[in-house]
Each structure stands twice: as C-alpha cells, then as structure tokens.
Amino acid sequence: MPEKNPSHDDFEFGDRLPVLPIRNALLFPSAVAPFEVGRPKSLRLVQDLEGSGTPYLAIFAQKDPNVDDPGFDELYPYGTAARVLKVIRHSSGSMSVILQGGARIRMDAMLQREPYHVARVTRLYDVLARPDVETDALAMALKEAAKQVVKMTPEMPREAAALIDSIDHPGQLADLVAANLDIPLEQKSDLIRTVDVKERLRTVLRVVARHNEILRMKDKIKSQVSEEMNKTQREYVLRQQLKAIKEELGGEEADEGGDLEGIEERLAKMNMPDDAREVAHKQMRRIKAMQVGSAEYTVARTYLDWILDLPWRIETIDKMDIGEVRNVLEEDHYGLEKVKRRIVEYLAVRKLKPDKKGPILCFIGPPGVGKTSLGRSIARALGRKFVRISLGGVHDEAAIRGHRRTYVGALPGQIIQQLKKAGTRNPVFMMDEVDKIGHDFRGDPAAALLEVLDPEQNDSFSDHYIEIPFDLSKVMFITTANLPDPIPPPLRDRMETLDLPGYTRNEKVLIARKHLLPKQLDEHGLAVGKLEIPDATLERIIDVHTREAGVRNLERSVAGCCRGVAVKIAEGTLPAEKLPATVGPDDLTEYLGPAKFTSEMAERTEIPGVATGLVWTSAGGEIIFIEATRMPGKGKLTLTGQLGEVMKESAQAALSYVRSNAEKLGIDSAVFENSELHVHVPAGAMPKDGPSAGVAIFAALASLLTGVRVRHDVAMTGEITLRGRVLPVGGVKEKALAAHRAGIKRIILPERNEPDLIEIPKEVRDGLEIIAIRSMDELLDKVIESADGAPTPGDAERQPPPASKSRTTRTRKEAPAEPAA
C-alpha cells in the first residue's frame, strides 16, 4: 500500500508547480544540494519563490544539456518536488539556490512556459506493504555494499559510513546511495519512478555491487602494474612517450624549445657573464640527474629558464641625434623646459662618454602634470624600451629583491621581472609613487631600493631568487612622487630631483589645443571638422571648471564636451550641414554642468579679520583664507580647522607679536584681557599643517584688532618669529602659480625667497606684483587698506626698524592695482 514518508509530511503543494530544469544532475528525495541558477527564466522563478510563503518547485533533469529552454518532451518525466532553503546572489548576476528534496512527482502536462515553466504534477508515494525479513535483508546488504565503496574510495569522507548506518527507513537508504552513485541520468530517473521500495533496493544493490567489482579490479590492475614496472622501466617508457609527442608536434622546433639538448645548445650560443654561465651549467648537471616528475626537477628547470631569459648582454642602441631628441620631447610635451634640458644633457654626456653611468631622475609634482607620460616620451626619444612599476602601497621587500628559492612559488623581484619583459638591459625603467612605499614585518622596500638606485652599487645587483649579480648601471631609472618629504632621506639622496610644479593658464590652453583635444576627438570618433572648441571656451574651462596644477581634469572636461557633441550627432539632432559644432563658453553649462570655482576674494575679505594665505600641497599650490574674530572673554585663543602642531605654534607666535607690539599697531592692550580670540581656517575636514601661514595669521589678527580690512587682491606666505622676522618657506613656484590661477595681483614673500623667483614662469611674473619683506613691521603697509578703503600709506608713514629693508619686484610697468572699494 502507498506509504507517506514521515520526513516529507510538511511538503504541502497542489497539482501545479513551477519547474526548474537542471543539466546533468537530479535531486533525490531527502537530499539537500546546491544548484547554480543562471538562465533568465530560472532566475525569475527563484526570485518569485524567495518572497512567497510556499517556496516549492519541481526539479526535472534535461535529456539534452545543451538545450537552453527545454520543453515537455525534452525533460525526463519523473522528478522531485523540492523546497527552497536559501538563495545566494553572486556579483556576476547568477544565483546559488540550496534545495531540499521532498516527494517524488510525475509531470503530466506543461501548463505554461512564460515567464517560467509551470507543470501539472502528480505526487507519488512509496509502496511498502509492511516491513518484513526480505526488506530488512536487502537494506542490510545495501548498507554493507555502500560502506565497502566508501572504504575503497579515498576521496569519500570517512563520515559517510556513519551516515549510512544512521538511516533506518529502507526507501531513504536507497535514495541516499543512489544520489551519490555515478550512473546515467536516465537510470536515476528510473529510480525516481520506482515507488516499490523493495524493487528500488534491489536495483540500487545491483548497481553498488557492480561498482564494488570495478573498484576491486582497478586495485588489482594497479598492484600488478606497480609490481611489473620498476623505476628504470617507467622512466624509459615516459621518455619514449615524450619523444614521440615532440616528434608529432614539430620535430626540431619542439626539441629546441623543450628538451635538455635544445637548452644546452641555447646556452652555448648565449652571451652571458662567466658566473651566470657557470651557474647555468651546474643547474644542467643537476637536472640531468633528477627524475623528470619530481618537485626538485620543476624548481631547477624554472630557475634555469629564468637565467636563460634574462638580457645579460642585450642592449638597444641610443639615438645620438640631439636635434631629433629635442623634436620628440617638444612633440609630446609642452613646457617642462628644465626636464627637457636635463634629458638633452644626459644624452650629450653619453655621446661624449659612452660608459658613463646613468643618473637616477626623480620627478616631483602634483597629479596630472605628466610625470609618467614624460617617462614614455624619454624612452621614445632615446629609442629604448619602456617598463613601469608602481610602488604605491608596496610593503614586502621581496617585491624588489625577490623570494628565496626555498619558498614554494618563489619568483624574482619586480626589477628582474621587468627586465625580462623588456628584453634589454638598458630600458627606461619608471618607478611610480616612490613617496608612498610602506614597510612592515615583511621588510622595508625603500631600503631594498637603495642598492637599485645607487649608480655606484647597482652594477652588481643581486636578486634573492637569481643569486647572480646583474648589472643595472645601463638602466635609466626614473622615479615619480607627489611630495619629497615622505621619501626616506637615504633614498632621496641617491636621486636627482626635478620639480614639475604645474602649468600656467596659457600653457594649459596650448596643451589642450595641441595634445588633449586631438586625442579626445580621436577617442570619441569625431573626425577633424566635426567639433571646434575655441580658446575662449578652453580658458573658461580652466578658470571655472578645473582649477588644478595639472591637466588631468582639463582633459576630462574636454572629453565631456566631446561626449555631448557625439550624442547629438548619433541622435541626429545635429545634422551634417551644421557641422562643425562649436562649443562656446556659454555652452559649458549644458555639457559640464554649473561652474565649480568662482572668485570669492573680495567677498571673503570684505570685513576685517580675514587674510589670504598661500600654501603648498601634494596637488600643487593652493590659496586658503584665515579668519579671525573676537568675543567677550578672558584672553583665551581658540584655533579650529584641523590644524597641525606647526600651524598652532605659528598662531600663538603671531598673537604674541601682536600683543607685544599693540601700541605700535594702534591697538588698545586692554582688548587682550577682555576678549577671546578665535582663529579658523575653513575646510575643516582637511588636515592642515606647515609654517607657511604664519604671516597670514598675523595679518588676519592685526586686521581684526585694528578694524581695517586686508586687501582682497593680496596673498602672502612666510614663517614668523617672536622678534618679527619673516623666515623663508618652500614651494614658492607652486604658490605663485596658485595665486595667478586665483586672480591675485600682489603676493608677499620672505626676502630670503627672492632667489626662488627665477623658477616662476615669465608669464606669471608679468601678471603679479611680488613684494619681498624681511620683517612683519613691513607687512601691514603692503596688505591692509586705509580706513576709507584706499591703500594704506607707504613706508614713509610707517617706518620699519633700521635693520629692515623691503624690496618690491615689479615686472609690470603699470602702477599696482587699486583695491576694490
């Protein structure tokens, strides 16, 4: 009589079930198994069931696994009703669904195929009149046979035998064993169809018994073969097979690249140092004495391949035409005269002294100024190969020097790997982000680079994996960094630093016209004559959309204009007769959105207590506003804006100087006892530190306490002392470029920074009034307005101390710009 399986009583479903077709598998009742779901219909089915209260579906196996959308006749008619236990989503869009098998079912008809299959099914119950002696005997025999299979199959877990013993229900036992047998899907479908428990036990027992016989025969054959073939015979057979395979693959070519005879011939022809040749011959002797399939053979063979692949004596010939090199550098980059001059000097020296060891150049500058692309241009100008690695975030010394060969999976370091990739021993080797090297328990990569980047030592560089000295003196190493300070001093001492501070406004226009616009037109499929961007538009982009030291965001903005025009051409809204399309300054809002930068000098400094300072960051020079205010209190000074210790000390020094010179400045000293002062540097989320803001803090405090505004067109930088001295600071060129970008007309610098003015481009110097001061007594005359809004009187009305002397660098013939009213 039909018997309900007690473990499936909670599987309540009607005569309609959604169908999940599966390939090359079938789910048995009581089994729990994962299935990968990737077809659109199957994904829709799982999504609908996941949120429903009746997560049941029908599992039927496909007759042909290559069919993507099987119909009624393409599925085996007998399957299993299953319950969805868990759904796991993958980033690729597919799902893994874990199903629990329940009752046996038969597919009677396919009711629908969209959005997924739904079939009318009939539930099948096990048929077992009542447990008797025959059933118990069949179940016991099946358990013993199944445990024998587990014992002779090493890959099966040992816990499988205990699981088999724990099952008491005969039908469940037959299903469990059948689910884990490697039998055809058709036979598994027949077992699903077999509801007579005794008949199912007999069928599964016959399959397991045959499987046991196969396993025993396999072990017997393996034992016989092992006894008949000794070590010599095995090696002979394998070598004969390998020889036959190579002959079929191409005879002499296969031998030359693979067998030991070909390696010996290659070694004899190679031009390599004597110590490398000696090590290679030693490895050849070891390999010949090893068994081919051993782990030591693989390690030794890989090591020998690395030795043979390195360019020990292979070089490219440098281009010695100085004029051609100049043309290549001018073609690829606009400006950067100092760097181009240094490359020409390098080549001129190499032409006069070919054995001269190459310098180690380090390009330091903000992002987007062309440090990495300049390395490619140098390689093209010299006719050398170009390789590049990024050192940002590297913590492991082995990344530079390689691993010892005793480690599993050992490899040479990036230096040797890139030289093998280049195929020459004199490439242009660029190391990016040398200022971002880390170190931890695995070693210090910066220390490992000391030997690599030292021209006096790198002619015998030893990698931990190769362990043979390699001459790196022919390599032209170039490093890049955003900041010089994070570079360890010993490493920085081995390099010649070249600053790339950024570009002026006119330089950016020319770069965009000559390099960026043609490149973006080509990348966006816009042929010549389809788009024009006038210089006025480029200037507007530079002024209000991309205020930066480099040109990376400028290129993105040009690309944004190209994309907008490309969309119009593709849609047909811009017909051919209206081409070329012109992007004017007023069209930028449509393509790039609203302006990101506006001039706020006059607005920010329209009240006393606000001064404009110049600072230097990893992204180039920037301007900052320093605000000061006062309120009733007891003389406390509050500093905000996430300031570092150096800026806090500058603020304290500025306040002390103001208090000590209150009478000279016309400030009532009682204000310091009855008021609290608050100095704030906006953009509080950004950490700020450095001595450059001391002069600006003093100007803001003096303006606040005297009630006179700071001129809106003046920016200043300099470190201060308690005695009123103005000390020099760094980054003068970058700060001058930032002031020029922001529309500043006058900048105040320390007198001892005057030699740095030669680095400022002439275009910037012509647009700025640069004033050098020695002490803070000279500062207020140059930066604050008079009470009626006019500039303050000159030095005749406020004489500095006799030892002080201010100098004004005027590169413009006209008078200084008058401040706004």
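Everything quoted here is computed from the prediction, not taken from an experiment.

Observations concerning the packing of aromatic side chains
At step 1: In the structure shown here, the tally under the stated rule is five aromatic pairs.
At step 2: Across from the ring centre of Tyr 303, 3.8 Å away, lies the NZ or CZ of Arg 405, which sits over that ring.
At step 3: Between the NZ or CZ atom of Lys 420 and the centre of the ring of Trp 306, over which it lies, the distance is 4.0 Å.

Some words on the layout of surface pockets
At step 1: Of the volumes computed, that of the second largest pocket is approximately 680 Å³.
At step 2: Lining the second largest pocket are 29 residues, with His 333, Gly 368, Val 369, Gly 370 and Ser 373 sitting closest to its centre.
At step 3: Of all the elements in the fold, those that place two or more residues in the lining of the second largest pocket are helix H12 (322–332), helix H14 (371–382), strand E10 (386–390), strand E12 (476–481), helix H19 (505–523) and helix H21 (552–571).
At step 4: Element by element, the count of residues in the lining of the second largest pocket is highest for H14, at six residues.
At step 5: For the lining of the second largest pocket, the class distribution of residues is eight nonpolar, ten polar and eleven charged.

Side note on helix H9 (residues 260–269)
At step 1: Every buried residue of H9 is accounted for by Leu 260, Gly 262, Ile 263 and Leu 267. Considered in projection along H9, the buried side chains sweep an arc of 155 degrees and stay on one side of the axis. In this structure, H9 carries Glu 261, Ala 268 and Lys 269 as exposed residues pointing more than 90 degrees from its buried face.

Notes on the packing of helix H10 (residues 274–288) against helix H11 (residues 295–309)
At step 1: Running from N to C, H10 and H11 point in directions that differ by 155 degrees, and their axes come no closer than 10 Å. Accordingly, the angle class assigned to the pair H10 and H11 is roughly antiparallel. Of the two possible hands of crossing, H10 and H11 adopt the one that is left-handed. On the side of H10, the interface is formed by Ala 276, Val 279, Ala 280, Gln 283, Met 284, Arg 286 and Ile 287, while H11 contributes Tyr 297, Ala 300, Arg 301, Tyr 303, Leu 304 and Ile 307.

Some remarks on the sheet that holds strand E9 (residues 361–364)
At step 1: Pairing is parallel across the open sheet formed by five strands, whose spatial order is E10-E11-E12-E9-E13. In this open sheet, the two edge strands, each paired with only one partner strand, are E10 and strand E13 (496–499). Recorded for the sheet is a direction-independent mean angle of 20 degrees between the axes of neighbouring strands.
At step 2: Of the pairings in the sheet, the one linking E9 to E13 comprises four bridges and is parallel in character. Across the sheet, the residue bridging to Phe 363 is Leu 498, located in E13.
At step 3: Most of the contacts of helix H13 (residues 337–352) go to E13, to which it runs at about 145 degrees, and overall it touches E9, E12 and E13.

What to know about the confidence of the model for the chain
At step 1: In this model, the chain carries a mean pLDDT of 82, and residues with pLDDT of at least 70 account for 89%.
At step 2: Within the model, the stretch residues 252–258 combines pLDDT values under 50 with eleven contacts to residues more than four positions away or in other chains.
At step 3: Note that pLDDT drops below 50 for residues 790–821; the model gives that stretch 69 contacts with residues more than four away or on any other chain.

Some words on helix H1 (residues 40–50)
At step 1: When we look at burial in H1, the residues that qualify are Lys 41, Ser 42, Leu 43, Leu 45, Val 46 and Leu 49.
At step 2: If you follow the buried residues of H1, they end up packed against strand E2 (16–22), strand E3 (32–37), strand E4 (56–61), strand E5 (78–89) and strand E6 (95–112).

So, the nonpolar core
At step 1: By size, the foremost hydrophobic cluster in this structure holds 52 residues, and its most contacted members are Trp 312, Met 431 and Val 452.
At step 2: Counting residues per element, this core draws most heavily on H11, which supplies seven residues.
At step 3: Residue contacts for Met 431: discarding those within four places in its chain leaves Ile 389, Leu 391, Ile 415, Leu 449, Val 452, Leu 453, Phe 477, Ile 478, Thr 479 and Thr 480.

So, the side chain of Arg 39
At step 1: Within the secondary structure, Arg 39 sits in the loop between E3 and H1.
At step 2: Salt bridges are absent for the buried Arg 39, whose nearest opposite-charge side chain, Asp 68, sits at 5.0 Å.
At step 3: For Arg 39, the side chain forms a polar contact with the side chain of Gln 62, separated by 2.7 Å.
At step 4: With sequence-adjacent residues up to four places away left out, Arg 39 is seen in contact with Pro 21, Ile 22, Arg 23, Gln 62, Val 67, Asp 68 and Pro 70.

A few points about the state of the cysteines
At step 1: Following the criterion strictly, the structure yields zero disulfides and no others.
At step 2: Residue Cys 561 stays outside any disulfide, its sulfur separated by 6.9 Å from that of Cys 562, the closest cysteine.
At step 3: In this structure Cys 561 comes out as buried when scored by relative accessible area, which is 0%.
At step 4: The exposure class of Cys 562 is buried, given its relative accessible area of 0%.

So, how was this worked out
Residues numbered from 1 in each chain as written. Predicted model: local features only at pLDDT ≥ 70, side-chain atom pairs only at ≥ 80, totals over all residues. Heavy atoms only, no water. Phe/Tyr/Trp six-rings, centres within 6.5 Å; stacked < 30°, edge-to-face > 60°. Lys NZ or Arg CZ within 6 Å of the ring centre and 35° of its normal. 1 Å grid on protein atoms, 1.4 Å probe; cavity = no way out; pocket = protein on both sides within 12 Å on 5 of 7 lines; lining within 4 Å. Points joined across faces, edges and corners; volume = space filled by probe spheres on them. Helix = DSSP H or I, 4+ residues; strand = E, 2+ residues; numbered from the N terminus. Nonpolar A, V, L, I, M, F, W, Y, C, P; charged D, E, K, R; others polar. Buried < 20%, exposed > 50% of the residue type's maximum accessible area, 1.4 Å probe, protein only. Arc of directions from axis to C-beta. Axes fitted to C-alpha atoms, helices over the stretch in contact; angles between N-to-C directions. Parallel < 35°, antiparallel > 145°, perpendicular 65-115°, else oblique. Left-handed = near helix turned anticlockwise from the far one by under 90°. Contact = heavy atoms within 4.5 Å. Pairing = 2+ DSSP bridges. pLDDT = per-residue confidence, 0-100. Core = buried A, V, L, I, M, F, W, Y, C linked by side-chain atoms within 4.5 Å. Lys, Arg positive; Asp, Glu negative; His and termini not counted. Salt bridge = Lys/Arg side-chain N within 4 Å of Asp/Glu carboxyl O. Polar contact = N/O pair within 3.5 Å; in protein donor to acceptor, adjacent residues only side chain to side chain. Disulfide = S-S within 2.5 Å.

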